[in-house]
Amino acid sequence: MASLRQLEYFAEVADAGSLRQAAQRLGVTQPTLTVQLRALEEILGVVLFERTRNATLLTPVGRDLLPEALSLLSQWRNMVESAHLIGNHSHSTYRLGVPQTLGPYLLPSLLPTLHQRFQRLRLHVREEVPDMLLKGLEEGRFDIVIGPISTVPDTIVREPMFREPLYLASPVDMEVAPHSNVAESDLSGLEILAVEKGHTLRREVERICERTGARLNTDYEGTSLDTLRQMVVMGMGLAFLPALYVRSEIHRPEELRVQPLQGGRLFREHAFLYRRNAPTRHFYQELQAQIREVITRDLSDTVIPLS
């Protein structure tokens, strides 16, 4: 099979019309050039050049084949250029996995800045419950994941990003405690609503209920944070809502009361995850550093950045 180098020699000699001039342009010796051209002719089974005392001319067959050789060389150069662009990992498309209870409330704060910093970066975002996010990352369905995943296998790198407080949401006409500040001890015996199983937020609420003596309502579960909020507004119980959701979606205090627990440490911790042996891991490190910078600059009034 002919090599790209042989095709390059063929094109150069055809352009120069001289073995000596072509060898000078290519930086090779004339005997080397001659040997490679003869090898190419043997592979193709045709004579490409007519060699005279003063010039090296294309044969009719050579003239017919030259456009195809030039086309192949052009395609190869385009492929090399594309590979160089792709090699700059910020020019690629990555599959980002986020949980449904985080993505819509975090990404709008991140994406504009990321687009300015990496103008040709493309993120294909898909929402899944955290358990499926980790599995998808391991199986290659996601390139990177951002979410409240605390335990990972050795094949996954987990970089802690920020802690997100959880706020107690209650109907405006319900007095959770006789005093203005609500403590964990005030939750004993109260009905708590949660999102459906599969969410780490659900497991965190289960732990809160076990610790405080609150009752987890397992008959009615929210399929999303929005449905959970509406259930609270209708007086079906109380709920714990993540701070970024509150920041993004709670704009009418007259329909819902949202407050922190005094003396409590209610939060969920989010991390940036990727496969340890990913060829693009150095870019992932750069990307997570940029995300951390945006969170510290724009969201530190809502979440707690982690170094």
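Because the structure is a prediction, the values reported are computed rather than measured.

Asker: Could you clarify how one ought to interpret the pattern of salt bridges in this entry?
Answerer: Any two side chains of opposite charge can pair, on the condition that their charged atoms come close. For the coordinates displayed, the defined rule picks out 20 salt bridges. Where Glu-139 meets Arg-141, a salt bridge forms, and the shortest distance between an N and an O atom there is 3.4 Å. The class of Arg-141 is partly exposed, set by a relative accessible area of 31%. For Arg-297, the salt bridge identified is with Asp-298, shortest N-O distance 2.8 Å. Overlapping salt bridges, with partners in common, bring together Glu-12, Asp-15 and Arg-25 in one network.

Asker: In this structure, what is going on with helix H3 (residues 30-44)? I would like to understand it.
Answerer: Each α-helix winds once per 3.6 residues, and so residues spaced three or four apart point in a common direction. Its 15 residues give H3 an end-to-end C-alpha distance of 21 Å, which sits within 8% of 21 Å, the value for a rise of 1.5 Å per residue. If you check which residues of H3 are buried, you get Leu-33, Thr-34, Leu-37, Leu-40 and Glu-41. Buried residues along H3 cover an arc of 125° about the axis, so they all sit on one side. Along H3, the residues that are exposed and aim more than 90 degrees away from the buried face are Pro-31, Val-35 and Glu-42. Against the buried residues of H3 lie helix H1 (4-16), helix H2 (19-26) and strand E1 (49-51).

Asker: Any chance you could explain the packing of aromatic side chains here in plain terms?
Answerer: In this description, a pair of aromatic rings is defined by centroid distance and the angle of the planes. Across all of its chains, the model carries seven aromatic pairs by this definition. Both rings, one in Tyr-94 and one in Tyr-284, keep their centres 5.7 Å apart while their planes meet at 75°; by these two values the pair is edge-to-face. Remark: Tyr-284 occurs in helix H10 (residues 281-298) and Tyr-94 occurs in strand E3 (residues 93-98); sequence separation between them is 190 residues. Side by side, Tyr-94 and Tyr-284 carry an identical accessibility label, which is buried. Both rings, one in Tyr-105 and one in Tyr-245, keep their centres 5.0 Å apart while their planes meet at 90°; by these two values the pair is edge-to-face. With a gap of 140 residues between them, Tyr-105 in helix H5 (residues 103-117) and Tyr-245 in helix H9 (residues 243-249) connect regions that are remote in the sequence. Judged by its relative accessible area of 11%, Tyr-105 falls in the buried class. One aromatic cluster in this structure is built from Tyr-94, Phe-118, Phe-272, Tyr-274, Phe-283 and Tyr-284.

Asker: How do you make sense of the packing of H5 against H10 when you look at a structure like this?
Answerer: A pair of packed helices is characterised by two quantities: the angle between their axes and the separation of those axes. The N-to-C vectors of H5 and H10 enclose an angle of 130°; their axes lie 10 Å apart at closest approach. Considering the angle they form, H5 stands oblique to H10. In terms of crossing hand, the pair formed by H5 and H10 is right-handed. Residue-level inspection shows Ser-109, Leu-110, Thr-113, Leu-114 and Arg-117 of H5 in contact with H10, the latter providing Glu-286, Leu-287, Gln-290, Ile-291, Val-294, Ile-295, Arg-297 and Asp-298. For the contact of H5 with H10, the per-class residue count stands at six nonpolar, three polar and four charged.

Asker: Help me out: how do you make sense of the confidence of the model for the chain in this one?
Answerer: Segments scoring low in pLDDT should not have their predicted coordinates read at a detailed level. The predicted model of the chain has a mean per-residue pLDDT of 88, with 93% of residues at 70 or higher. Strand E5 (residues 144-147) holds the highest mean pLDDT among the elements of the chain, 96, whereas helix H4 (residues 60-87) holds the lowest, 79.

Asker: Looking at this model, I keep getting lost on the pairing of E3. Mind explaining?
Answerer: Alignment of E3 against strand E4 (residues 122-127), held across six bridges, turns out to be parallel. Counted as the bridge partner of Gly-97 is Arg-126 from E4. Crossover E3 to E4 through H5 is right-handed. As paired strands, E3 and E5 are joined by two bridges and run parallel to one another. From the neighbouring strand, Gly-97 faces E5, where its bridge partner is Val-145.

Asker: Even after reading the chapter, I still don't get a nonpolar patch on the surface, so can you show me in this structure?
Answerer: On the surface, a nonpolar cluster with roughly 310 Å² of combined accessible area is contributed by Leu-4, Trp-76 and Met-79. By secondary structure assignment, the location of Met-79 is in helix H4.

Rules of the game
Residues numbered from 1 in each chain as written. Predicted model: local features only at pLDDT ≥ 70, side-chain atom pairs only at ≥ 80, totals over all residues. Heavy atoms only, no water. Salt bridge = Lys/Arg side-chain N within 4 Å of Asp/Glu carboxyl O. Buried < 20%, exposed > 50% of the residue type's maximum accessible area, 1.4 Å probe, protein only. Helix = DSSP H or I, 4+ residues; strand = E, 2+ residues; numbered from the N terminus. Expected span 1.5 Å × (residues − 1). Arc of directions from axis to C-beta. Contact = heavy atoms within 4.5 Å. Phe/Tyr/Trp six-rings, centres within 6.5 Å; stacked < 30°, edge-to-face > 60°. Axes fitted to C-alpha atoms, helices over the stretch in contact; angles between N-to-C directions. Parallel < 35°, antiparallel > 145°, perpendicular 65-115°, else oblique. Left-handed = near helix turned anticlockwise from the far one by under 90°. Nonpolar A, V, L, I, M, F, W, Y, C, P; charged D, E, K, R; others polar. pLDDT = per-residue confidence, 0-100. Pairing = 2+ DSSP bridges. Right-handed = clockwise from strand over helix to strand, strands pointing away. Patch = residues over 30% accessible without salt bridge, like charges linked within 9 Å, V, L, I, M, F, W, Y side chains within 5 Å. Areas by Shrake-Rupley, 256 points an atom, 1.4 Å probe, with all protein chains shown as cover.

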